[in-house]
Amino acid sequence: MDTKYLDLLAEKYDCEEKVVTEIVNLEAILNLPKGTEHFVSDLHGEYHAFQHVLRNGSGKVKEKITDIFKDRLTDQEIDDFATLVYYPEEKIKLMKNKFSSKNELHEWYQETICNMITLIPYASSKYTRSKLRKALPEQFVYVIEELLYKSDKYSNKKSYYEMILQQIITLGQSEKLITGLAYTIQRLIVDHLHVVGDIYDRGPDPDKIMDTLINYHSLDIQWGNHDVLWLGAFAGSKVCLANIIRICARYDNLDIIEDVYGINLRPLLTLAEKYYDDNAPFRPKEHKDKLLSDHESLQITKIHQAIAMIQFKLESPIIKRRDFFNMSERLVLEKVDYENNEITIYGNTYSLKNTCFATIDPADPARLLEEEEEVMNKLLLSVQHSEKLARHMKFLMKKGNLYLRYNGNLLIHGCIPLNEDGEMEQMVIEGETYKGRALLDQFEHYLQYSFSHRDRTDDLATDMVWYLWTGEYSSLFGKRAMTTFERYFIDDKASHKEKKNPYYYLREDEAVCRKLLEEFELDPDQGHIINGHTPVKEIEGENPIKANSKMIVIDGGFSKAYQSTTGIAGYTLLYNSFGMQLVAHQHFNSKEQVINNGADVLSVRRVVDKELERKKVRETNVGKELLEEIEMLKRLMEYRYMD
Ligand SMILES: O=P(O)(O)OC[C@H]1O[C@](O)(COP(=O)(O)O)[C@@H](O)[C@@H]1O
Ligand SMILES: [Mn+2]
């Protein structure tokens, strides 16, 4: 073994006592129960609903409070306590209005702090003291530790604690302390967060979700197709860029582009004003809480058409230069019969309605007008120079992967492309054949490459990022083709259908799931596949737990736009030392409602799997790393400190 590494390690552990202490500490951690993993997916810009799920730990916060306080507090008090933990600032304000005297208020402070101090040891029983310390509000660590490790055995100490609390209250620190403790509790309840894709698009606040994630204590991300679209735009793909703007226009979210990320849409608006007019299928979707003036709505309708047409034009050269994408049916602009206003696609001829082909030359339909090209160049420049977007995209890249093997499970947003026989679908890229895990690794390689060569806009890697958004064998898309053009311009709904990869029915079969787990070198007896991407239609009786629980689909649709088809407002998954639980969430109205009524919009819990024995850290991914560390420290001990 290379002694250089040990010499380096010896700088940190410069005496044998330090090595021994660390070994003892790590060994102790290995024997603790595994921490709670929290899985969410398809957040689609729904920041408030996401915040709620994050703050209540998918119900775990209230569960712990109930465990401890069910005999001491009424249901109403438990609700109030729970909402205080979720939204401390707002709840404190509300509670303050309820008291008529200072004394009452002070009593409430005291009781509340005591209750929180009682809850914390229970919520942190799976952690070492040092980990708990890291979760405490910094400015109060000393005080809280005094309170936490108190024992009432010697009554002379009792007055000492009462005095600490009194001091905190009279010095006006109680609200800060309560708020800090609330965040500590939230943090203790969930040890690690998995975001199984699709943070972006449709909803209004993906940027706020990103900021929340950037500040979260421990997480990983499996990219969704929408996330990859944003990564692609930032990495230099103009067609991805056109798509994100089109989707923002469609959902009336252009402020994300303009105000949040500071990208100037003026040149696009000028072009849009010149060539387009009102056109029903391009009107922005209406929001309940955001009314548009006719003028604004018309502007967005025009921008929507301008960017959609640019998108279709930009797709054409990529499809032509990448034969192996096998997308020639998607050369839609070339397939249009401009004289008869018809298109023949997949063997059927349809008449077109609501067309907006003002910038199209039927002799060369995919050619961008000079002004269109200029607009796209300016937009790309602006996108790549947005500091905020750069921060978000770099974080998304750093924390993200196409798939993740974690504690025996396989996390992936979309699918592993299969053919109808259940075999891994093959794709030939530059003469090499890939399938299964190797295909996904290859996709990820291209995304990484494109992201680190952002000045290249037409190379294979950049085109592959777009393929990930919309290609037939993309593990993120998982459908034959995206029928955006048909949905805008063809009445016949049959043409809108996007045929799913066989994976989506084969995944109901346990044998298939086992085979897939093996493909990723995971134990099929222990592991599960966790998917997002396809809304589970609970309304129609679809079960999110499939294939004898080998497959769990957690996209219940945070996205408001999809809630009428799913019937609920999203699933989340919890995995603690006792097993896995799926949580179905009811529609989230507003945090005000939660704070005022103490109502939790949470519901049924289904046990997916019950561990026969409590799982310990030793059996987890983190445990494996710790074991390696211990091994190293033991070597260091021998090499440096033992005779
Ligand atoms: O409903 P919208 O916003 O028009 O989007 C429809 C498009 O979104 C997709 O479903 C992809 O988005 P999801 O990953 O959220 O499913 C495409 O297959 C489809 O063409
Ligand atoms: Mn998706």
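Whatever comes next refers back to the structure up there.
The structure presented is a predicted model; accordingly, all values stated were derived computationally and were not measured.

The rules behind the values
Residues numbered from 1 in each chain as written. Chains lettered and ligands numbered in written order. Predicted model: local features only at pLDDT ≥ 70, side-chain atom pairs only at ≥ 80, totals over all residues. Heavy atoms only, no water. Pairing = 2+ DSSP bridges. Helix = DSSP H or I, 4+ residues; strand = E, 2+ residues; numbered from the N terminus. Salt bridge = Lys/Arg side-chain N within 4 Å of Asp/Glu carboxyl O. Buried < 20%, exposed > 50% of the residue type's maximum accessible area, 1.4 Å probe, protein only. Donors = N, O, S within 2.8 Å, 3.2 Å for Na, K, Ca; no water. Contact = heavy atoms within 4.5 Å. Axes fitted to C-alpha atoms, helices over the stretch in contact; angles between N-to-C directions. Parallel < 35°, antiparallel > 145°, perpendicular 65-115°, else oblique. Left-handed = near helix turned anticlockwise from the far one by under 90°. Core = buried A, V, L, I, M, F, W, Y, C linked by side-chain atoms within 4.5 Å. Near = heavy atom within 4 Å. Polar contact = N/O pair within 3.5 Å; in protein donor to acceptor, adjacent residues only side chain to side chain. Areas by Shrake-Rupley, 256 points an atom, 1.4 Å probe, with all protein chains shown as cover. Nonpolar A, V, L, I, M, F, W, Y, C, P; charged D, E, K, R; others polar. Arc of directions from axis to C-beta. Phe/Tyr/Trp six-rings, centres within 6.5 Å; stacked < 30°, edge-to-face > 60°. Lys NZ or Arg CZ within 6 Å of the ring centre and 35° of its normal.

Undergrad: Before we move on, could you go through the sheet that holds strand E12 (residues 529-531) and cite the residues and values that matter?
TA: Strand-to-strand pairing in sheets goes through backbone hydrogen bonds, with the strands running parallel or antiparallel. With mixed pairing, the five strands of this open sheet are ordered in space as E8-E9-E12-E14-E13. Both edges of this open sheet fall to strand E8 (403-406) and strand E13 (545-546), since each of them pairs with a single strand only. Of the pairings in the sheet, the one linking strand E9 (residues 409-412) to E12 comprises three bridges and is parallel in character. By the bridge assignment, Leu 410 is partnered in E12 with Ile 529.

Undergrad: Which residues make up the pattern of salt bridges, and what values go with them?
TA: All told, the structure shown has 35 salt bridges when counted by the stated rule. Note that Asp 211 is salt-bridged to Arg 391, the shortest N-O span being 3.6 Å. Of this pair, Asp 211 sits in helix H12 (residues 206-214) while Arg 391 sits in helix H20 (residues 387-399); the two residues are 180 residues apart in sequence, bridging distant segments of the chain. Residue class for Asp 211 comes out partly exposed when judged on its relative accessible area of 24%. Two residues, Asp 361 and Arg 367, come together in a salt bridge whose shortest N-O distance is 3.7 Å. Arg 367 gets classed as partly exposed once you look at its relative accessible area, which sits at 41%. Taken together, the shared-partner salt bridges in this structure form one network comprising Arg 321, Arg 322, Asp 458 and Asp 463.

Undergrad: Please give an account of the sheet that holds strand E5 (residues 342-345) that cites residues and values.
TA: Strand order in the open sheet formed by three strands is E4-E5-E6, with antiparallel pairing between adjacent strands. The open sheet terminates on both sides in strands that have one partner only, identified here as strand E4 (336-337) and strand E6 (348-351). Of the pairings in the sheet, the one linking E4 to E5 comprises two bridges and is antiparallel in character. Each bridged residue has a counterpart across the sheet, and for Val 336 the counterpart in E5 is Ile 343.

Undergrad: Requested: an account of the coordination of the manganese ion (ligand 2), with residues and values cited.
TA: Only Asp 198 (OD), Asn 225 (OD1), His 413 (NE2) and His 533 (ND1) from the protein coordinate the manganese ion (ligand 2), and they sit 2.1 to 2.3 Å from it. Ordering the donors of the manganese ion (ligand 2) by residue number gives the pattern D-x26-N-x187-H-x119-H. Residue Asn 225 is located in helix H13 (residues 225-234), and its partner His 533 is located in the loop between E12 and E13; the two are separated by 308 residues in the primary sequence. Given a relative accessible area of 4%, Asn 225 falls into the buried group. The class for His 533 is buried, based on a relative accessible area of 10%.

Undergrad: Mind laying out the environment of Ile 345, listing which residues take part and the relevant values?
TA: Residue position: Ile 345 is located in strand E5. Through-space distance from the C-alpha of Ile 345 to that of Glu 486 is 9.4 Å; in sequence the pair is 141 residues apart.

Undergrad: I'd like a description of the side chain of Asn 279, backed by residues and values.
TA: With respect to the helices, strands and loops of the structure, Asn 279 is situated in the loop between helix H16 (266-275) and helix H17 (294-321). Judged by relative accessible area, Asn 279 falls into the buried class, the value being 7%. With sequence-adjacent residues up to four places away left out, Asn 279 is seen in contact with Thr 301, Gln 305, Asn 354, Thr 355 and Cys 356.

Undergrad: Which residues make up unusual backbone geometry, and what are the values?
TA: At His 44, a position not held by glycine, the phi torsion is positive, near 45°. When you line up the elements, His 44 lands in the loop between strand E1 (37-40) and helix H3 (47-55). The phi angle at Asn 407 is positive, at roughly 45°, despite the residue not being glycine. Along the chain, Asn 407 falls in the loop between E8 and E9.

Undergrad: Lay out the packing of helix H2 (residues 16-30) against helix H28 (residues 621-641) in plain terms, naming residues and giving numbers.
TA: The interhelical angle for the contact between H2 and H28, taken along N-to-C directions, is 155°, at an axis separation of 10 Å. Viewed along their axes, H2 and H28 adopt a mutual orientation that is roughly antiparallel. Here H2 and H28 pass one another in a crossing that is left-handed. Contacts from Glu 16, Val 19, Val 20, Glu 22, Ile 23, Leu 26, Glu 27, Ile 29 and Leu 30 in H2 reach Gly 623, Leu 626, Leu 627, Glu 629, Ile 630, Leu 633, Lys 634, Leu 636, Met 637 and Tyr 641 in H28.

Undergrad: Break down the pairing of E8 for me, with residues and values.
TA: Relative to E9, E8 runs antiparallel, the two being bridged by four bridges. Note on E9: the bridge partner recorded for Tyr 403 is Ile 412. Hairpin connection from E8 to E9: two residues lie between these consecutive antiparallel strands, with Asn 407 at a positive phi of about 45°.

Undergrad: Before we move on, could you go through the nonpolar core and cite the residues and values that matter?
TA: Counting 195 residues, the largest nonpolar core has Ile 199, Leu 213, Trp 230, Ile 245, Phe 485 and Phe 489 as its most contacted members. Here the element with the most residues in this core is H17; it accounts for eleven residues. For Phe 485, the residues in contact, after removing those within four places along its chain, are Phe 312, Arg 330, Val 332, Leu 333, Val 336, Ile 343, Leu 352, Phe 357 and Ile 490. Within the second largest apolar cluster, 16 residues are counted, among which are Leu 9, Tyr 13, Leu 26 and Leu 633.

Undergrad: Break down the site of ligand 1 for me, citing the residues and quoting the values.
TA: Taken together, 14 residues are adjacent to ligand 1, and Arg 202, Tyr 251, Arg 487, Glu 498 and Tyr 562 come closest. Separating an oxygen atom of ligand 1 from a side-chain N or O atom of Lys 479 is a distance of 2.8 Å. Relative to its free-state accessible area of 460 Å², ligand 1 is covered by the protein chains to the extent of 87%. For the shell around ligand 1, the class distribution of residues is four nonpolar, four polar and six charged.

Undergrad: Describe helix H6 (residues 88-96), and please don't skip the residues or the numbers.
TA: All of the buried residues along H6 are Pro 88, Lys 91, Ile 92 and Met 95. Around the axis of H6, the buried residues are gathered within 105° of arc, so they sit on the same side. On its buried face, H6 is in contact with H3, helix H5 (75-86), helix H7 (102-123), helix H11 (174-189) and helix H27 (591-597).

Undergrad: Hey, could you go over the packing of aromatic side chains for me, with residue numbers and the actual values?
TA: Under the defined criterion, the tally for this structure stands at 20 aromatic pairs. Taken together, a centroid distance of 5.5 Å and an interplanar angle of 75° make the contact between Phe 69 and Phe 81 edge-to-face. Note that Phe 69 is positioned in helix H4 (residues 60-69) and Phe 81 in helix H5, a separation of twelve residues in sequence. Residues Phe 357 and Phe 489 carry aromatic rings whose centres are separated by 5.6 Å and whose planes lie at 70° to one another, so their mutual orientation is edge-to-face. On the criterion of sequence distance, the pair formed by Phe 357 in the loop between E6 and helix H19 (370-384) and Phe 489 in helix H23 (residues 484-489) is long-range, its members being 132 residues apart. With a relative accessible area of 0%, Phe 489 lands in the buried category. One aromatic cluster is present, formed by Phe 282, Phe 312, Tyr 338, Phe 357, Phe 485, Tyr 488 and Phe 489 through successive ring pairs. Its guanidinium or amino end placed over the ring of Phe 451, Arg 454 lies 4.9 Å from that ring's centre, counting from NZ or CZ. It is Arg 480 that lies over the ring of Tyr 346; its NZ or CZ is 4.1 Å from the centre.

Undergrad: An account of the packing of helix H14 (residues 238-250) against H17 is needed here, citing residue identities and associated values.
TA: A pair of packed helices is characterised by two quantities: the angle between their axes and the separation of those axes. With their axes 8 Å apart at the nearest point, H14 and H17 run at an angle of 155° to one another. Viewed along their axes, H14 and H17 adopt a mutual orientation that is roughly antiparallel. The chirality of how H14 crosses H17 is left-handed. Facing Lys 238, Val 239, Ala 242, Asn 243, Ile 245, Arg 246, Ala 249 and Arg 250 of H14, the residues of H17 in contact are Ile 300, His 304, Ile 307, Ala 308, Gln 311, Leu 314, Glu 315 and Ile 318. Split by residue class, the contact of H14 with H17 holds nine nonpolar, three polar and four charged.

Structural measurements only, silent on function.
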